[in-house]
Amino acid sequence: MMLPKEFKYHLIETAKSMLWDQWENLGAWVNSKEKFKFYSDPEATLVFSEYFSRYEKRFRKISEEWQSINKKHLNTIRLNRIVKELYKKYEIALPLEFKAVTTNSSKFVRELDVLQSENLLLRSRFLFGCSTKSEVIFSLLTKGSSNSNQIARERFLNQKAVLIELDKLMKAGFLIERRTSRGRMFNISSKFIKMFPKPTLFSSISWTLFVAVFILEKCLKDEYMNDDYLIFSTFNDFRKSFVYALHTAMECEIQLEVRTAQEFYSHVIDYWNCLLKKTLKNFEIET
C-alpha cells in the first residue's frame, strides 16, 4: 500500500502526464512521455490544466494561446458547467483565470488535426458545431446505449437540453429509442453508425482528472500529511462521493465496500491503479 505522501506525488505526476497527452492531441507543440487511451476533451483539459498549473506553469500559457487560436472548437457553455457543477456538488473550486491573448500564430500551439483518432469529439463538432447535439452523438458513440440523465451527468450537460436533442435525432431517424426500466434508452441507428470510426478509446478523461483533484483537495491536503489516521478517516468520510466518481470514471473490478477506513483508502489506490492499467500503455507500479 502506498503511503499518503507517495500517493499524493503519484497523483500529481500522473495527472500532469494525462494533461500533456491531452495537449499533444489538441495540437500543442509538446511530446508527451506517456500515451493514454483517452479521447481529447478541450473543456476538461482547460479546466484541469488551470488547477495543475500550480505544479506545471506551462499549462496556463498553453491554455491561453490554445483558446485564442481555437475558440471555434471550444464549447464555452460546457466549460462553465464543469466549473459550476464541481463547485456546487463537490465544493471543488476550479476558477479559470486566463489572460486575454490575441495571436494568429503561436510557439506553443500548432494546427489542430481533427482527423486524428483521439479527436473524435472535435470531428463531431466540425459536423454539428460546438453544441449539445455534438456532445450527445459523441457520448452515444463512445458509451453506447444511454438515457438523457446518463449523458448529462457524464458529459456535464443540461439534462433537458440533452433530451431535446435526443428527441430531434430520433425523429430524424438518426437514433433508435427503446423503453426499459431505466427509462428511454437511445442508440445510434445502424444506418448512421457506419459514418463514424469504431470507438477504441475512453471518453472519461474529465472524471479521471476530477478524481485526482478531489483526492488532493479533500483528503491529501498539506496539513494532513503528518497524520495518517486523519487521512484515512477523511477518505472514509467521502466514501459515497468516491464510489460514484470512480465508477463514473471507469469500471474496475475493485471492491470499494470495505469495513475500515484504512481498507477503503487502500482500495481507492487499487482502483486508481486499475484505472491506469486500462488507460496507460506499459503501466507498471509497485504497491
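For clarity, every value in this text was computed on a predicted model and none was experimentally measured.

Caption draft 1: Expanded view of the overall build of the protein. Across its full length, the protein carries 13 helices and two strands. What you see for the protein is a C-alpha radius of gyration of 19 Å, in line with the 19 Å of a compact globule of 287 residues. With respect to the principal axes defined by its C-alpha atoms, the protein has extents near 60 × 50 × 35 Å. Among the 287 residues that make up the protein, the fraction classed as buried is 53%. Within the protein, contacts between residues at least 6 apart in sequence are counted, and of these 67% link residues at least 24 apart. Carbon and sulfur atoms form 49% of the exposed surface of the protein, whose accessible area is close to 14500 Å².

Caption draft 2: Quick look at the nonpolar core. Membership of the largest hydrophobic core comes to 72 residues, with the highest contact counts inside it found for Phe7, Phe48 and Phe235. When contributions to this core are tallied by element, the ones reaching two or more residues are helix 1 (4-25), helix 2 (42-52), helix 3 (58-69), helix 4 (76-90), helix 10 (205-218), helix 11 (228-237), helix 12 (239-249) and helix 13 (261-279). Top contributing element to this core by residue count: helix 10, with ten residues. Setting aside residues no more than four positions away along its own chain, Phe7 makes contact with Met2, Ile215, Leu220, Phe235, Tyr265, Ile269 and Trp272. Residues Ile151, Leu169, Phe186 and Ile188 belong to the second largest nonpolar core, which totals 20 residues.

Caption draft 3: Fine view of the side chain of Lys16. Position of Lys16 relative to the elements: it lies in helix 1. Contacts of Lys16, omitting those with residues within four sequence positions, involve Tyr55, Glu56 and Phe59.

Caption draft 4: Region of the structure containing the pairing of strand 2 (residues 183-188). Pairing geometry for strand 1 (residues 175-180) and strand 2, over six bridges, is antiparallel. Across the sheet, residue Leu175 finds its bridge partner in strand 2, namely Ile188. What sits between the antiparallel neighbours strand 1 and strand 2 is a turn of two residues.

Caption draft 5: Expanded view of the packing of aromatic side chains. Tallying each qualifying case throughout the model produces 21 aromatic pairs. Over the ring of Tyr51 we find Arg54; its NZ or CZ atom is 3.9 Å from the centre of that ring. The side chain of Arg110 reaches across the aromatic face of Trp29, ending 5.4 Å from its centre.

Cut-off values and rules
- Residues numbered from 1 in each chain as written.
- Predicted model: local features only at pLDDT ≥ 70, side-chain atom pairs only at ≥ 80, totals over all residues.
- Heavy atoms only, no water.
- Helix = DSSP H or I, 4+ residues; strand = E, 2+ residues; numbered from the N terminus.
- Rg over C-alpha atoms; globule rule 2.2 N^0.38 Å.
- Buried < 20%, exposed > 50% of the residue type's maximum accessible area, 1.4 Å probe, protein only.
- Contact = heavy atoms within 4.5 Å.
- Areas by Shrake-Rupley, 256 points an atom, 1.4 Å probe, with all protein chains shown as cover.
- Core = buried A, V, L, I, M, F, W, Y, C linked by side-chain atoms within 4.5 Å.
- Pairing = 2+ DSSP bridges.
- Phe/Tyr/Trp six-rings, centres within 6.5 Å; stacked < 30°, edge-to-face > 60°.
- Lys NZ or Arg CZ within 6 Å of the ring centre and 35° of its normal.

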